[in-house]
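Listed below are the residues making up each chain.
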Amino acid sequence: PPPPPPPPKPPPKEEVVLTEEDYKAMYTESAKKAGYGAAAMLGVGLVSPTAAFSNMFTTFALSGVIGYQVVWGVAHSLHSPLMAVTNAVSGMTAVGGMYTMGGGLVPSTLSETLGFTATAISAVNITGGFLVTKKMLDMFKRPTDPPEFYELYAYPTAGFIGGFGLINLGFPQAASIAATASALGCIGGIAGLASQSTARMGLVSGMSGVSIGIAATIGSLSWPASTYVQLAAALGGGGFAGYEIAKRVDPTSLPQTVAAFHSLVGLAAVFSAAADYLEHAAHSPEMLDGVRLTSIALASVIGGVTTTGSVIAFGKLNGNLSSAPLQLEQRDQINMAAGAGTVAMMGLLMTMGHSHPAAGMVALAGMGVLSGGLGLHMTASIGGADMPVVITVLNSYSGWALCAEGFMLDKPILTTVGALIGSPRALPTHNMCV
């Protein structure tokens with residue numbers, strides 16, 4: 001029999017001709033968004049309590065815009081390496097942990113123990129995250145690629161750190177300049193991962209930025225010699241553990257390894273926030289102002305959601321948990337109740353934390369449990385196929401937790417790096433969903 005006739009061609013789509021009113025509507029919508037932004041900036045000006053807060057907000061806003069711009073147009077193939085390098089850079093939570101350490105060779109208080117732990121697990125994330133990024137980029141290497149000698153960049157980085165160590169002895173502003181160099185290195189790290197041709201240079205830049213940031217923090221501390229031994233144990237032990245973990249990861253397990261490292265960043269933020277509160281509640285409660293308490297609350301809540309959400313994402317990607325979404329009855333009501341309870345605990349900390357340490361501790365514990373439960377339940381309620389998007393969202397959260405630490409400790413380097421991570425990660429998340 002003769003073959004069947006081909007199906008009829010679909011009618012051509014009619015070209016949509018935009019009218020003057022259509023163009024006006026687009027401009028009107030854009031102008032409205034600009035108006036909302038202007039109103040928000042004026043609102044910040046109305047509620048800004050101190051000049052230090054205003055300066056930190058300026059750092060936050062500019063860093064967020066820079067971060068958004070440097071990843072504009074990132075190739076889809078580089079989403080995973082970009083996520084891995086931002087995860088490694090978010091290990092700058094080590095800085096928050098370092099500022100809450102003390103006690104000599106070993107910690108002597110709960111706050112110092114939390115600071116030591118935050119520093120150590122952040123070091124796991126830093127070395128492990130950068131090694132995972134390198135493994136991801138190695139998958140793109142071709143036999144015909146020219147030889148590379150990126151290890152040579154270790155010399156100027158080491159030279160800068162050595163020079164900083166010398167001039168820091170007599171020039172008090174050297175630490176702040178070193179922190180600026182660290183931020184520039186982190187910007188270069190994130191910007192470089194937006195393109196195949198610059199990805200490896202971005203990895204090197206990010207590693208240099210984090211190394212200089214850690215050195216700048218050490219240079220700003222005034223500890224007895226024994227506490228530096230404790231710091232070496234935290235950074236060295238955590239760094240070695242991260243290297244060993246990442247070294248054993250095969251290429252098919254790299255995404256879930258990034259998720260596992262995310263959980264360490266969130267936990268470090270929670271520990272640093274709790275350590276900062278305990279330290280000030282015991283020795284200088286007058287410094288627990290509204291900005292600091294709000295920052296402690298935000299770091300605790302965002303860190304809690306990031307920690308448990310990342311653990312569930314790892315379990316689903318690694319096959320330890322079912323990829324099917326958890327579908328509890330009234331799950332929306334459960335999320336709303338946990339969210340409302342978290343906000344209530346935040347309010348308790350911000351209103352009573354400065355004068356009633358016991359109430360502050362109850363609030364911190366409540367925030368940790370409720371936000372952790374919220375992150376666990378929300379992530380478990382999402383199917384395994386959507387876990388890459390979830391990990392990208394959690395990556396953004398780790399940046400916002402780092403921003404909160406920056407406001408808490410009044411350290412622009414943390415706010416800068418946090419905004420660089422938090423803001424641009426929203427763009428790849430959007431790209432992955434459309």
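In this text, all values refer to a predicted model and were calculated from it rather than measured experimentally.

Participant: Hey, could you run me through the packing of aromatic side chains in this one?
Facilitator: One pair of aromatic rings is described through two measures. These are the centre distance and the angle between the planes. For the structure on display, the rule yields six aromatic pairs. A ring pair is formed by F60 and W400, whose centres lie 6.0 Å apart and whose planes are at 55 degrees; its orientation type is tilted. Taken together, the residues F60 in helix α2 (residues 51–70) and W400 in helix α14 (residues 387–409) connect sequence positions 340 residues apart. Owing to a relative accessible area of 24%, F60 belongs among the partly exposed residues under this scheme. Between the aromatic rings of W223 and Y228, the centroid separation amounts to 5.3 Å while the plane-to-plane angle is 55 degrees, which identifies the pairing as tilted. Of the residues examined, W223 reaches a relative accessible area of 17% and is grouped as buried.

Participant: How should I be thinking about unusual backbone geometry in this particular structure?
Facilitator: The backbone of Q330 shows a phi angle near 55 degrees, a positive value even though the residue is not glycine. Of note, Q330 is situated in the loop between α11 (290–318) and α12 (331–352).

Participant: Teacher, can you tell me more about the environment of S381 here?
Facilitator: Position of S381 among the secondary structure elements: in the loop between α13 (357–380) and α14. Residues S381 and A75 lie 306 residues apart in sequence; the distance between their C-alpha atoms is 29 Å. For S381, the side chain forms a polar contact with the main-chain oxygen of L326, separated by 3.4 Å. Separated by 2.7 Å, the side chain of S381 and the backbone oxygen of H377 make a polar contact.

Participant: What is the right way to look at the packing of helix α3 (residues 79–89) against helix α10 (residues 254–283) in this model?
Facilitator: Any two packed helices are characterised by the angle at which their axes cross and by the distance between the axes. At a minimum axis separation of 10 Å, α3 and α10 run at an interaxial angle of 25 degrees. Comparing their axes, α10 and α3 come out roughly parallel. Between α3 and α10 the crossing geometry is left-handed. Mapping the contact onto sequence places M83, A84 and N87 in α3 and V258, F261, H262 and V265 in α10. Here the contact of α3 with α10 is composed, by residue class, of five nonpolar, two polar and no charged.

Participant: What am I meant to see in the packing of α2 against α14 here?
Facilitator: Relative to each other, α2 and α14 sit at 155 degrees, their axes nearing to 10 Å. Considering the angle they form, α2 stands roughly antiparallel to α14. Between α2 and α14 lies a crossing whose hand is right-handed. For the pair α2 and α14, the contacting residues are F53, M56, F57 and F60 in the first and W400, C403, G406 and F407 in the second. Here the residues of the contact of α2 with α14 sort into seven nonpolar, one polar and no charged.

Participant: Would you mind going over a nonpolar patch on the surface with me for this structure?
Facilitator: On the surface, a cluster of nonpolar side chains totalling about 580 Å² of accessible area is made up of V16, L18, Y23, M26 and Y27. The exposure class of L18 is partly exposed, given its relative accessible area of 39%.

Participant: Explain the side chain of R200 to me, please; I cannot follow it from the model alone.
Facilitator: Within the secondary structure, R200 sits in helix α8 (residues 199–220). Ignoring any residue separated from it by four or fewer positions in sequence, one finds R200 in contact with L137, D138, K141, E148 and Y150.

Participant: Looking at this structure, I do not really get the pattern of salt bridges. What am I missing?
Facilitator: Pairs can form between side chains of opposite charge once their charged atoms are near each other. The tally for this structure, following the rule as stated, stands at seven salt bridges. Close ionic contact of D138 with K134 constitutes a salt bridge, the shortest N to O distance being 2.9 Å. Highlighted residues: D138 and K134, both in helix α5 (residues 110–138), separated by four residues, approximately one helical turn. Note that E244 and R248 form a salt bridge whose closest N and O atoms lie 2.4 Å from each other. Each member of the salt-bridge network shares a partner with another, and the members are K134, D138, E148 and R200.

So, how was this worked out
Residues numbered from 1 in each chain as written. Predicted model: local features only at pLDDT ≥ 70, side-chain atom pairs only at ≥ 80, totals over all residues. Heavy atoms only, no water. Phe/Tyr/Trp six-rings, centres within 6.5 Å; stacked < 30°, edge-to-face > 60°. Helix = DSSP H or I, 4+ residues; strand = E, 2+ residues; numbered from the N terminus. Buried < 20%, exposed > 50% of the residue type's maximum accessible area, 1.4 Å probe, protein only. Polar contact = N/O pair within 3.5 Å; in protein donor to acceptor, adjacent residues only side chain to side chain. Axes fitted to C-alpha atoms, helices over the stretch in contact; angles between N-to-C directions. Parallel < 35°, antiparallel > 145°, perpendicular 65-115°, else oblique. Left-handed = near helix turned anticlockwise from the far one by under 90°. Contact = heavy atoms within 4.5 Å. Nonpolar A, V, L, I, M, F, W, Y, C, P; charged D, E, K, R; others polar. Patch = residues over 30% accessible without salt bridge, like charges linked within 9 Å, V, L, I, M, F, W, Y side chains within 5 Å. Areas by Shrake-Rupley, 256 points an atom, 1.4 Å probe, with all protein chains shown as cover. Salt bridge = Lys/Arg side-chain N within 4 Å of Asp/Glu carboxyl O.

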